[in-house]
Amino acid sequence: MRRILTIDGGGIKGVFFYREAGGKIFHRRRFNARMLRLFRAKYTNAPLRQVLTEAFGERYLGESKTRLLIPSLNLAAERVHLYKTSHHPKLVNDYKVPAVEVALATVAAPTYFPIHVSPEGVPYIDGSMWARNPLGLAIIEAIGQLEWKRDEIKVLSLGCTSTHLNVSWQKRISLGASYWGARIADVFMKAQSSSAIATAHVLIGSDNVYRISPDMSAFHFTLDGVQHMPLLAELGRDEALRQLAELRPVFFAEKAPQFVPCHKLQDLGVLGVAPPDTPSPPPPPAPEPVVDVAMTPEVAA
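About the cut-offs
- Residues numbered from 1 in each chain as written.
- Predicted model: local features only at pLDDT ≥ 70, side-chain atom pairs only at ≥ 80, totals over all residues.
- Heavy atoms only, no water.
- Patch = residues over 30% accessible without salt bridge, like charges linked within 9 Å, V, L, I, M, F, W, Y side chains within 5 Å.
- Areas by Shrake-Rupley, 256 points an atom, 1.4 Å probe, with all protein chains shown as cover.
- Salt bridge = Lys/Arg side-chain N within 4 Å of Asp/Glu carboxyl O.
- Helix = DSSP H or I, 4+ residues; strand = E, 2+ residues; numbered from the N terminus.
- Pairing = 2+ DSSP bridges.
- Buried < 20%, exposed > 50% of the residue type's maximum accessible area, 1.4 Å probe, protein only.
- Core = buried A, V, L, I, M, F, W, Y, C linked by side-chain atoms within 4.5 Å.
- Contact = heavy atoms within 4.5 Å.
- pLDDT = per-residue confidence, 0-100.

Among the surface-exposed residues, L75, I115 and V117 lie close enough to one another that they form a single nonpolar patch of about 240 Å² accessible area. Locating L75 in the fold gives a position in the loop between β2 (69-74) and β3 (79-84).

Below is the structure:
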């Protein structure tokens with residue numbers, strides 16, 4: 001059996017990373033922030049970079065202990081970009097990118113954060129612009145790139161809560177830009193997620209897809225609402241306990257085999273990576289998880 005974990009984009013609703021650092025990353029500006037937001041991003045990315053550096057240091061994507069597939073959008077090339085670990089012989093570039101650079105590229109949400117410009121001068125924005133739900137991408141990568149058998153794949157797909165679309169489609173009058181302006185992004189993202197789920201069901205069968213994204217329409221959570229973190233953490237814990245009995249035998253019964261990348265940083269002598277005969281320093285402690293469950297499935301996204 002091959003196991004995949006996918007996690008939707010969702011800002012503060014992801015909780016895992018933001019639980020300790022959310023207040024620093026989403027720091028409120030002065031009283032005229034609403035006016036400034038018309039012309040500038042709501043937040044600077046300096047606190048975000050600092051938090052990421054504290055978490056990852058000088059580590060590279062190629063130091064990941066599991067397969068990763070991380071979406072972003074290259075504005076200069078006008079095409080999507082997927083950061084990938086070297087889990088296939090053809091993947092020879094992204095594993096050499098610093099982890100902090102990958103993270104900044106995939107979370108640069110328009111209006112919230114500035115465009116992230118890589119050290120090479122390439123502009124990137126948030127991968128949620130086209131892959132907020134990466135479920136379909138992960139399965140395509142598993143089948144098409146890794147050549148995993150479809151009937152052996154099980155996917156745990158974690159959403160960052162779901163909400164109903166706030167669209168008054170029953171109105172008799174046509175709806176213009178003033179109406180759709182504040183809603184069109186939600187419509188696009190809802191459609192993309194629905195498409196990803198449908199793709200997964202076709203490729204590996206609905207019985208092999210475990211989708212968890214509880215409806216939280218009543219709470220009106222926002223992407224940067226740090227005040228919601230305690231409630232989100234509690235809701236996440238409750239949902240995990242409710243789902244654990246079904247998920248445990250599929251995803252947590254046994255440890256995944258060790259991931260061995262096709263290309264290694266040590267072979268290149270990349271600065272900051274210890275040679276094979278030198279013990280690596282212990283990683284910094286990870287933020288406390290919302291759910292007290294060790295998640296050890298193989299990960300393709």
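Don't stop here, the text continues.
Now for the sheet that holds β2. Within the open sheet, the four strands sit side by side as β3-β2-β5-β4. Their pairing is antiparallel. Single-partner strands in this sheet number two, and they are β3 and β4 (116-117).

One side chain can pair with another of opposite charge once the charged atoms of both are near each other. With the rule as written, the count across this model stands at five salt bridges. Of the charged contacts, one joins R211 and D8 as a salt bridge, the two residues approaching to 2.7 Å between their closest N and O atoms. Of this pair, R211 sits in strand β7 (residues 209-212) while D8 sits in the loop between β1 (2-7) and α1 (18-25), and the two are 203 residues apart along the sequence. A relative accessible area of 26% means that R211 is categorised as partly exposed. Linking K42 and D224 is a salt bridge whose minimum nitrogen-to-oxygen distance equals 2.7 Å. Placement of K42 in the loop between α2 (33-37) and α3 (46-56) and of D224 in the loop between β7 and α9 (229-252) is noted, with a sequence separation of 182 residues between them. Judged by relative accessible area, K42 falls into the partly exposed class, the value being 26%.

I12, Y18, I25, F26, L48, L52 and F113 are the most contacted members of the largest nonpolar core, which has 19 residues in total. Among the elements of the structure, α1, α3, α4 (99-106) and α9 are those that each provide at least two residues to this core. Setting aside anything within four residues of it in sequence, one finds F113 in contact with I25, F26, A41, Y43, T44, N45, L48, V107 and A108.

Looking at the protein as a whole, the pLDDT averages 85, with 85% of positions reaching at least 70. For the stretch residues 286-301, pLDDT sits under 50, and the model shows 57 contacts to residues farther than four places along the chain or on other chains.

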